[in-house]
Each structure stands twice: as structure tokens, then as C-alpha cells.
Amino acid sequence: MNKVTIKKYLTYDRISGLSLIILGIIGSSHIIFSGKWGKNLGLGAKFMPQIYFILILITGILLLIKKGEGDKPQGIVIFVNIRSVLLFIGLGILYFLFVLKVGLIISTVIYTLSLYSLLTNNPLKNRKQICISSTIVTIIVLTLFEIMLHIVLPIPLLF
Amino acid sequence: MDILLVAIHNAFSASVILYTAFGVFLGVTIGAIPGLSGDIGIALLLPFVYKVAPACSLGMMLGIYKGSIFGGSITAILFGIPGTPAAAATVEDGYKAKLNGHPQQALLTALYSSVTGDIFSDMVLIFLAIPMAGIALNFGPVEFFALYIFALMLISLLTRGKAVKGLASGVIGLIICAIGMDPMLGTPRLNFGIEQLRGGISLIPVLVGIFAVSELIIQFSKEWHDIITKKLEKIDQQGTFSKYNIDKDKMSMKIYFSNLKATMIGALTGTFIGALPGAGSSIAAYVSYGLARRFSKHAEKFGHGSLEGIAAPEAGNNATCGATFIPLFAFGIPGSGIAAIFGAALIMQGITPGPTMISENTLIIYTLFVTLIYANFINLGISRLLLPLYARVSMMKTRYLIPAIFIIALLGTYTSRNSVIDIWVLLIAGILGVVLKKNDFPLGPLVLGYIIGPGMERSLRQALIIGGEDRFFLFKSPIAIGLYVATIVFLLLIYKVVKKSDKNL
């Protein structure tokens with residue numbers, strides 16, 4: 001199979017089908033090879049998860065053998081860039097760790113400044129707008145958590 | 001009667017009215033911004049639900065839900081961009097009506113029809129939920145298992161054109177809820193040796209991740225891509241229409257009554273479809289539009305700015321608001337993603353959805369019923385008054401809201417249990433939501449599977465223990481057999497109706 005043939009064959013549905021089959025096999029194998037799960041009263045703890053993974057396997061096979069309807073999903077086509085997903089999640093994790101170690105106010109300011117810079121066409125030119133938006137969000141977060149909802153954040157959080 | 005009076009008194013307390021009104025305001029705002037929907041707003045509220053009194057938090061959630069469905073039609077009419085998926089059916093006639101020089105009539109027709117449809121649906125909920133819950137009190141494990149299968153099959157298979165994906169999504173939800181403890185034996189399972197997962201996966205990070213974080217990731221991805229490829233569109237969002245004459249665009253009771261037939265078709269259709277697990281507000285809007293066109297004396301005007309073409313889908317999508325709670329209140333089975341989040345909020349307030357919910361929590365449920373009704377009038381008042389403001393808000397760029405919403409989601413989830421594992425679950429659920437959306441998997445069945453999983457497993461295993469050696473015990477109850485037959489009949493019926501409405505559109 002050359003690259004073009006593989007691309008034509010690998011429709012969204014088939015990739016989903018393959019992923020479900022892999023999930024079904026991993027889950028079923030884990031259940032089969034993980035020994036006994038407690039006392040088997042009635043159906044036992046393994047029965048339902050095993051059924052679920054078999055169902056996943058079946059739906060995966062159904063998607064894989066389904067006649068292809070082009071290489072696009074039928075509904076609204078959603079644009080997702082893997083780099084942007086990793087960036088968003090990465091920044092989110094960093095923000096959370098910063099909140100725990102450094103404190104809420106500084107972390108929120110840094111996080112919002114970096115996100116707005118990424119989402120603005122010309123960050124240097126629009127720095128005033130970015131700073132104002134960042135300050136507003138920080139004030140909203142503080143007001144919401146501390147004044148309106150009286151949520152007690154763990155001690156290292158407050159700074 | 002005394003309880004009803006106390007409930008009315010509670011519902012009309014200043015705090016409940018204020019929370020509900022704030023919810024409506026937030027809901028219309030969220031709905032009016034393309035890319036954001038009521039699901040996100042309600043999911044974001046979850047971590048904070050236990051911080052305020054049940055009547056206030058539930059009133060606010062109801063307000064967001066009702067407001068967001070109408071809010072979606074503002075951008076649909078003014079800019080031809082549906083603010084929420086439920087408003088997609090309104091675009092065709094709404095935007096044309098605006099271009100024809102009738103933006104005010106179009107917006108107000110949408111508002112009045114939405115409120116009419118919503119009130120009708122709420123009344124049906126109030127009058128049906130109590131007797132249905134009474135019937136459900138006679139259910140045992142066999143009947144409940146049949147009911148869970150009925151709900152799961154409907155919500156999975158009724159997702160238009162993606163039955164297999166709907167089923168897969170539902171089963172993924174069941175797998176997620178199977179992680180943790182076995183509901184009968186207390187044995188840890190599927191936790192892969194991770195100690196923190198022994199107690200199972202918490203509801204809040206899953207729901208907030210699936211509904212809110214996934215949408216934020218998608219919006220961020222889109223905005224960032226536009227920035228780095230310098231493809232920022234500069235569309236004239238105002239739209240253009242010449243010779244606008246405000247006198248010819250005045251809304252009157254006569255216009256409202258001339259569209260009443262279409263509104264009632266929408267209200268009836270939306271209520272019926274909303275009560276079925278899985279069908280959802282966008283299907284209700286499309287089916288209502290198709291039916292209204294079929295029974296209209298001016299069918300030729302549909303698609304060219306017909307006010308009936310706005311009234312029917314708007315009444316239809318809002319009429320799902322009350323009806324979607326019928327299965328939740330009567331049987332404890334959420335029929336949609338929103339109902340699932342609402343069910344989670346009830347659980348967090350110590351109210352277990354199900355047949356005994358109304359009898360055990362009569363006061364709070366009656367308060368909720370009263371709030372349901374007057375929230376529509378608050379929606380009417382706020383939306384009518386602030387329409388010009390919402391028109392401006394709807395032009396707001398999503399990129400300014402992404403960081404704020406994400407911070408609220410992240411910190412809200414963390415502070416709900418002060419658990420770091422919840423943050424990981426939130427982010428993983430967010431990525432899972434993105435992967436599923438990207439591959440056109442519906443999210444509703446996943447949430448339903450997650451919510452009803454433990455109950456379904458418990459009822460099956462209890463039924464089999466009671467049945468002992470009898471292999472056909474699950475099929476010996478007439479109610480259960482009726483439910484299995486109903487599953488098949490409903491599937492065939494709805495499949496036919498949806499296919500027909502697709503053809504008509």
C-alpha cells in the first residue's frame with residue numbers, strides 16, 4: 001500500500017474503529033489476566049466491565065467495516081491542531097503548579113498574559129489591551145473565589 | 001397544599017429570584033456568543049453548587065439553561081451564525097427576515113415563541129413527573145434494568161446518523177464509571193494500581209472536562225491557528241440591509257397570534273422529543289420546522305424570512321427544557337447531557353434523582369417547579385430589555401473568555417475536593433472530549449452511561465441474585481417486557497420521523 005492508498009483507506013470512522021478495537025482488546029486482556037477480583041458473588045466484579053469492553057470491541061469492528069462516506073466526519077468539522085492542544089494543556093498544568101507553589105494572583109497574571117499574547121495578532125502592539133484583559137480576569141477570579149463564594153483555598157495558594 | 005404555599009414562598013424569596021435572574025442573564029450571554037453553549041455554563045457551576053442553598057443553585061442552573069437556548073438565536077438571526085447548535089434551524093428564516101428589514105420582529109418572535117414553548121413544556125413536566133414517579137415506585141431491579149437499557153439504547157441510537165458512535169460513546173461512559181469500586185462487593189477494579197482511583201472517578205472533573213474544557217481546547221486551537229496563519233476573518237458581522245424602516249418592523253400581539261399555530265406545533269414537538277432520552281434540542285428544532293412548514297398555509301414563505309419559520313424551531317428547542325427533566329425526575333435517568341449535569345447537581349445537594357425524589361424532597365422539588373415557571377418570565381423580561389446589549393455581546397471574541405473560563409473550571413474543580421487527581425481527570429476528560437468531538441462522537445450518551453452505570457449494574461446483579469437459577473428472570477416482568485418492546489417501537493418510530501424531517505429539509 002502506498003501513502004495515498006493508506007490515506008484513502010484511513011477515514012475518520014476507520015481510525016475511530018481501530019482505536020476502539022485496541023481499547024477493547026487492552027481492557028479485555030487486563031480483565032482476563034489480572035487474576036481474581038474479590039469473591040465471586042453472583043456475577044462477580046469482572047462481569048460488567050468485561051461486557052463493556054466486548055461492546056467496545058463490537059462497535060469498533062462495526063465502524064471499521066462500515067462503508068466509507070469520505071474522509072470527513074458527517075457533522076460539523078472541528079478544527080483541532082495537536083500542537084495547540086498540547087500547548088493549552090501544558091500551560092494549564094504549569095498554571096496549576098504555579099498556583100500551588102507561587103500563589104493565585106501572580107500565577108493568574110502570568111498565565112493570562114501568556115495566553116492573551118498567544119491569542120493576539122501582534123502582542124507587542126496590543127500590549128495595553130493584553131494587560132487590561134489580564135488584570136480584569138485576575139480581579140474576576142479573585143472576586144469570584146474569595147469574595148462571592150468564600151472558597152477557602154489551601155494556605156500556599158494565597159499570596 | 002401547605003407545602004405548595006411554602007414552596008411558592010421559598011421560590012419567590014429575593015435570593016432565589018436574584019440567582020435565577022443572574023442565571024438567565026448569564027445563559028443568554030453565553031448562548032449569544034458563538035462557540036459557547038449552556039452546557040459549558042452549567043458544567044462550570046457544578047463545583048460551586050454546594051456553596052449555596054439548593055433552591056438558589058438549581059434556580060441559577062435553570063436560568064442558564066433557559067437563557068442559553070434563546071441566546072443562541074440572537075446571533076442566528078442577526079448574523080446568520082447559530083450561537084448554539086439548537087439555534088441552527090432558526091438561521092434560515094431568522095437571518096432572511098433580518099435581511100428583509102425585520103430584525104426586531106424576528107428576534108421578538110423568537111423570544112415569545114421560546115417562552116411559550118418553554119412554559120408549555122414546564123407544565124407538562126409538572127403534571128407528568130409526579131404520576132410517573134408514582135408508577136416507578138412499583139419498579140424492582142428487573143424493571144429498572146429494562147428501563148436503563150431503554151434509556152441507554154434511545155440516547156445512543158437516536159443520535160442522528162451516528163448510531164454506532166452513540167453506542168460506543170455510551171459504553172465509554174459505562175467503562176469510566178466502572179473504574180473504582182464494584183457497587184455490590186466493594187472490590188477495587190480497573191484502577192490499574194492507582195490508589196487514588198480506588199474511590200472511582202469523581203463526577204465534577206468528568207462533566208466539567210467533557211463539556212467545558214474540551215470546548216475551550218477547540219476554541220483555543222481555532223483562535224491560535226487563525227493567529228499563526230494570519231487568517232483573521234474580517235466579516236461584516238452587522239450584515240447589510242437597505243431601507244430599514246423601524247415602523248414596518250414593529251412587533252405586535254397580532255403577529256404573535258398569527259404565528260401561534262407554528263409556536264404550538266413547536267411546543268408539542270419539542271416537549272415530546274425532549275422527553276425522549278437522547279433526542280435533544282437541535283433535533284426538536286428541525287422536526288418542529290419541518291412540521292410547521294407542512295401544516296402552514298404559507299409554506300412557500302419558509303426559507304425566505306417567514307416568522308412562522310422562526311417561531312416553530314424556537315418553540316421546539318425551548319420546549320425541550322422542561323421535558324428533558326421528565327425521565328430524570330420520574331425515574332432518575334437523565335435524558336440529555338444538560339439533564340445529567342442537573343442530576344449531578346441534585347446529587348451534590350443530597351437529593352437523589354429517582355421515583356422517591358419528589359416524595360422525599362417535596363418542598364425543594366415544588367420550589368423548583370415554581371422557579372421553572374417564573375424563570376420563563378424572567379427570561380422574557382431580561383431578554384426583551386437587554387436585546388440591544390446582547391446583540392453587542394454576541395460580537396465579543398471568544399478568545400477573551402478562554403483564559404477566564406479555564407481558570408474557573410480548573411480552580412473550581414480543584415477546590416471542590418482539594419484533590420490533585422481531579423485536575424488530571426479534568427484535563428484527560430477534556431482531551432477525551434476533544435477526540436470524541438473531532439471524530440463526530442456524541443457526548444450525551446457518554447455522560448448518560450457514566451451516570452446510570454452503577455444503577456444499571458446494581459439492578460442487573462440484584463435481579464440475577466433474586467432470580468437464582470432462572471435464566472429468563474429478566475424477561476418475566478410484564479413491565480420489563482413492555483419496556484423492551486417500547487424500546488424497539490420507539491426506535492422504529494423516531495427513526496422514521498427523523499428520516500422524514502431530514503427529507504423535508
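About the cut-offs
- Residues numbered from 1 in each chain as written.
- Chains lettered and ligands numbered in written order.
- Predicted model: local features only at pLDDT ≥ 70, side-chain atom pairs only at ≥ 80, totals over all residues.
- Helix = DSSP H or I, 4+ residues; strand = E, 2+ residues; numbered from the N terminus.
- Buried ≥ 20, exposed ≤ 12 C-beta atoms within 10 Å, placed from the backbone.
- Contact = placed C-beta atoms within 7 Å.
- Rg over C-alpha atoms; globule rule 2.2 N^0.38 Å.
- Nonpolar A, V, L, I, M, F, W, Y, C, P; charged D, E, K, R; others polar.
- Expected span 1.5 Å × (residues − 1).
- Core = buried A, V, L, I, M, F, W, Y, C linked by C-beta atoms within 7 Å.
- Domains from an automatic or database assignment.
- Axes fitted to C-alpha atoms, helices over the stretch in contact; angles between N-to-C directions.
- Parallel < 35°, antiparallel > 145°, perpendicular 65-115°, else oblique.
- Left-handed = near helix turned anticlockwise from the far one by under 90°.
- pLDDT = per-residue confidence, 0-100.

Peer 1: If you had to explain the overall build of chain A to someone new, which residues and values would you point to?
Peer 2: The number of helices and strands found in chain A is 6 helices and 0 strands. Overall, chain A shows an N-to-C arrangement of helices and strands of α-α-α-α-α-α. With 159 residues in all, chain A has 26% of them scored as buried. At a minimum sequence separation of 6, the contacts of chain A that also span at least 24 residues come to 68%.

Peer 1: Any details on the overall build of chain B? Residues and values, ideally.
Peer 2: Secondary structure assignment for chain B yields 22 helices and 2 strands. Taken over the C-alpha trace, chain B has a radius of gyration of 22 Å; the compact-globule value for 505 residues is 23 Å, and the two agree within 12%. Dimensions along the principal axes, computed over C-alpha positions, put chain B at roughly 80 × 50 × 50 Å. Taken over 505 residues, chain B has a buried fraction of 62%. Restricting to contacts in chain B with at least 6 residues of sequence separation, those with at least 24 account for 80%.

Peer 1: Can you tell me about the interface of chain B and chain A, naming the residues and giving the values?
Peer 2: As a measure of interface size, the accessible area lost when the parts come together is often cited. If you look at the interface, chain B gives 51 residues, while chain A gives 49 residues. Going through the elements one at a time, helix H8 (163-178), helix H9 (203-228), helix H19 (402-417), helix H20 (420-438) and helix H21 (444-467) of chain B are the ones with two or more residues in the side of chain B that touches chain A. Across the side of chain B that touches chain A, the residue classes tally to 32 nonpolar, 7 polar and 12 charged.

Peer 1: Describe unusual backbone geometry, with residues and values.
Peer 2: All names here are of chain B. Of note in this structure, aspartate 440 is not a glycine but carries a positive phi near 70 degrees. Topologically, aspartate 440 is positioned in the loop between H20 and H21. For aspartate 440, a count of 20 C-beta atoms within 10 Å gives the class buried.

Peer 1: Please give an account of helix H5 (residues 104-118) of chain A that cites residues and values.
Peer 2: Turn by turn, an α-helix covers 3.6 residues, leaving residues three or four places apart pointing in a common direction. When the terminal C-alpha atoms of H5(A) are compared, their 21 Å separation across 15 residues agrees well with the 21 Å that a helix rising 1.5 Å per residue should span. Taken as a whole, H5(A) has its buried residues at Leu104(A), Ser107(A), Thr108(A), Tyr111(A), Thr112(A), Leu113(A), Leu115(A), Tyr116(A) and Leu118(A).

Peer 1: Break down the nonpolar core for me, citing the residues and quoting the values.
Peer 2: Soluble globular proteins tend to pack their nonpolar side chains together in the buried interior. Within the largest apolar cluster, 199 residues are counted, with the highest numbers of intra-cluster contacts made by Leu207(B) and Val208(B). Both domains that furnish three or more residues to this core are identified here as domain 1 (3-65) and domain 2 (82-157) of chain A. Excluding anything up to four places from it in sequence, Val208(B) contacts Ala43(B), Leu44(B), Leu46(B), Val213(B), Ala409(B), Thr413(B) and Leu426(B).

Peer 1: Hey, could you go over the packing of helix H4 (residues 54-79) of chain B against helix H6 (residues 103-136) of chain B for me, with residue numbers and the actual values?
Peer 2: All names here are of chain B. Between H4 and H6, the least distance of the axes is 10 Å, while the angle of their chain directions is 160 degrees. Taken as axis vectors, H4 and H6 run roughly antiparallel relative to one another. In this structure, H4 meets H6 at a crossing whose hand is right-handed. Residue-level inspection shows Lys66, Ile69, Phe70, Ser73, Ile74, Ile77 and Leu78 of H4 in contact with H6, the latter providing Pro103, Ala106, Leu107, Ala110, Leu111, Ser114 and Asp118.

Peer 1: Could you give an account of helix H11 (residues 260-275) of chain B, with specific residues and numbers?
Peer 2: Residues and elements named next belong to chain B. Between the first and last C-alpha of H11 there are 22 Å, a value that for 16 residues agrees with the 22 Å anticipated at 1.5 Å per step. With 12 of 16 residues buried, H11 is to be regarded as a mostly interior element. For H11, the set of buried residues is Ala262, Thr263, Ile265, Gly266, Ala267, Thr269, Gly270, Thr271, Phe272, Ile273, Gly274 and Ala275.

Peer 1: Lay out the environment of Ser114(A) with the relevant residues and their values.
Peer 2: All names here are of chain A. Mapping serine 114 onto the fold places it in helix H5. Here serine 114 falls in the partly exposed class, since 18 other C-beta atoms lie within 10 Å of it. For serine 114 and isoleucine 130, which are 16 residues apart along the polypeptide, the C-alpha to C-alpha distance reads 9.2 Å.

Peer 1: Lay out the packing of helix H5 (residues 88-99) of chain B against H6(B) in plain terms, naming residues and giving numbers.
Peer 2: All names here are of chain B. The contact between H5 and H6 brings their axes to 7 Å, and the two run at 145 degrees. For the crossing formed where H5 meets H6, the hand is right-handed. From H5, Thr90, Gly94, Ala97 and Lys98 reach across to H6, where they touch Pro103, Gln105, Ala106 and Ala110. Across the contact of H5 with H6, the residue classes break down as 4 nonpolar, 3 polar and 1 charged.

Peer 1: Could you give an account of the confidence of the model for chain B, naming the residues involved and the relevant values?
Peer 2: Low pLDDT means the predicted coordinates in that region are not meant to be read closely. Residue and element names in this part refer to chain B. Here chain B averages 82 in pLDDT, and 91% of its residues register 70 or above. Every residue in residues 234-241 is under pLDDT 50, and counting partners more than four places away or in other chains gives 9 contacts. Quick note on the complex model: pTM equals 0.79, ipTM equals 0.85.

Peer 1: Describe the environment of Leu372(B), listing the residues and the values that go with them.
Peer 2: Residues and elements named next belong to chain B. Looking at the secondary structure, you find leucine 372 in helix H18 (residues 362-393). Residue classification places leucine 372 among the buried positions, given that 25 C-beta atoms sit within 10 Å. Sequence-wise, leucine 372 and serine 13 are 359 residues apart; in three dimensions their C-alpha atoms are separated by 14 Å. Contact partners of leucine 372, with chain neighbours within four places excluded, come to Leu62, Asp122 and Gly322.

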